[in-house]
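Residue strings, one per chain:
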Amino acid sequence: MFGWLRKQGPISAPRAIDDDAFDEEFQRRLEALAIASRRLVSGRMRAERRSQKTGAGIEFADHREYAPGDDFRHLDWKLYGRSEKLLLKLFQEEEDLSVYLLLDTSGSMQFGAPQKLAYGKRIAAALAYVALSTLDRVSVLTFADVIGARLPPTRGKSRIFKVFEFLRGTRPEGRTGIEGAMRAFAAQHKRRGVAIVISDLYDPAGFERGIDALRYARFEPFVIQLVDPTEARPPLHGDVRLVDRETGESREVTVTPRVLERYAAAHAAYLAGIASYCAQKQVPHVVIETSTAWDDAVLSVLRRGGLLG
């Protein structure tokens, strides 16, 4: 039953996409959020962002043995005085961070009030703005069972309007297929970085292999799971027809308190399974109810640690 119910939603008229999601009020709060995020993520998180690449940076990273042709200026003469070993100092080279925002635009994201996709757009835009404010390189992509539209890498706070324009054009459609989409993404993007997946994760085949594809390709996946509060306890009773928003398949069911209890238990187990997988694989995972104020949600994502800044 769970496999069936988890893709369902109560029948309702399609809700319009909120194209005013990025109005002046949103932009004003975005700037306040960027200021708050800089305070939040300064210091310790910047250290976590640094590339492991060694090069021309100023922070010491390691030693290696001298080899003919190496620059004498990088020899550690103090260490030579103590050990008579010729070792070169290696320094950590900082690179700008590549941030990939992968927004699920499958049919199931049409559900909810506010619509999960409209909410996801705001989360994506806010994270993009925070990253652009720190001169990180930001790309935005949509996916269902394949990678859809994409905003090429961009940098600089003023580029947020390109992000708005891109997100306004997205619509919910198609079936979810996270594994195929993430495999395609990993194959198409050679520059590694943080891959933030914003999705309800309602994939009949499971989302795990998709996240594994990112991990194996040496991206740093970060999962933001969007949940409408009514998904766990839908306000249904009596005889209803449930319709799969992605396949159009329908089923007549009689909803009783006992059915709702069983469904709520199955939904809770489903969420627990996702949390367990992410914890086991050390993949940051944040569940956000779409009733949460979007800026509070973004701050909770940043507090989760090590994402941006």
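The structure displayed is predicted, hence computed values, not measured ones. (Residues numbered from 1 in each chain as written. Predicted model: local features only at pLDDT ≥ 70, side-chain atom pairs only at ≥ 80, totals over all residues. Heavy atoms only, no water.)

## Remarks on the confidence of the model for the protein chain
For step 1, the next point in the chain: Taken residue by residue, the protein chain gives an average pLDDT of 82. The fraction at 70 or more is 80%.
For step 2, the next point in the chain: No element of the protein chain has a lower mean pLDDT than helix α1 (residues 2-5), which averages 40, and none a higher one than helix α8 (residues 208-216), which averages 96.
For step 3, the next point in the chain: Here residues 1-17 is modelled with pLDDT under 50, and outside its nearest four sequence neighbours on either side it reaches 46 contacts, counting other chains as well.
For step 4, the next point in the chain: Within the model, the stretch residues 42-53 combines pLDDT values under 50 with 24 contacts to residues more than four positions away or in other chains. (pLDDT = per-residue confidence, 0-100. Helix = DSSP H or I, 4+ residues; strand = E, 2+ residues; numbered from the N terminus. Contact = heavy atoms within 4.5 Å.)

## Observations concerning the side chain of Ser106
For step 1, the next point in the chain: For Ser106, the position within the fold is in the loop between β5 (98-104) and α5 (116-133).
For step 2, the next point in the chain: Within the structure, Ser106 has its side chain in polar contact with the side chain of Glu246 (distance 3.1 Å).
For step 3, the next point in the chain: When neighbours within four sequence positions are excluded, Ser106 is seen to be in contact with Phe143, Ala144, Pro172, Glu173, Gly174, Arg175, Thr176 and Glu246. (Polar contact = N/O pair within 3.5 Å; in protein donor to acceptor, adjacent residues only side chain to side chain.)

## Let's talk about the sheet that holds strand β6 (residues 137-143)
For step 1, the next point in the chain: The 6 strands lie next to each other as β7-β6-β5-β8-β9-β12, forming an open sheet whose pairing is mixed. Sheet topology places β7 (147-154) and β12 (285-289) at the edges, where each strand pairs with a single neighbour. In this sheet, adjacent strand axes meet at a mean angle of 15° when their direction is disregarded.
For step 2, the next point in the chain: Strand direction decides the pairing type here: strand β8 (residues 194-199) and strand β9 (residues 220-227), joined by 6 bridges, are parallel. Pairing of Ile198 across the sheet is with Ile224, part of β9.
For step 3, the next point in the chain: Sitting on the sheet, α8 touches β8 and β9, and the angle it makes with β9 is about 155°. (Pairing = 2+ DSSP bridges. Axes fitted to C-alpha atoms, helices over the stretch in contact; angles between N-to-C directions.)

## Things to note about the pattern of salt bridges
Pairing is possible between side chains that carry opposite charge, provided their charged atoms lie close to one another.
For step 1, the next point in the chain: Considering all chains together, one arrives at 8 salt bridges under this definition.
For step 2, the next point in the chain: Linking Asp295 and Arg29 is a salt bridge whose minimum nitrogen-to-oxygen distance equals 3.0 Å. Here Asp295, found in helix α11 (residues 294-303), pairs with Arg29, found in helix α2 (residues 24-41); they are 266 residues apart in sequence, far enough to count as distant.
For step 3, the next point in the chain: For Arg183, the salt bridge is made with Glu179, and the minimal N-O distance between the two is 3.1 Å. One end of the pair is Arg183 and the other is Glu179, both in helix α7 (residues 178-188) and 4 residues apart, which spans about a single turn. (Salt bridge = Lys/Arg side-chain N within 4 Å of Asp/Glu carboxyl O.)

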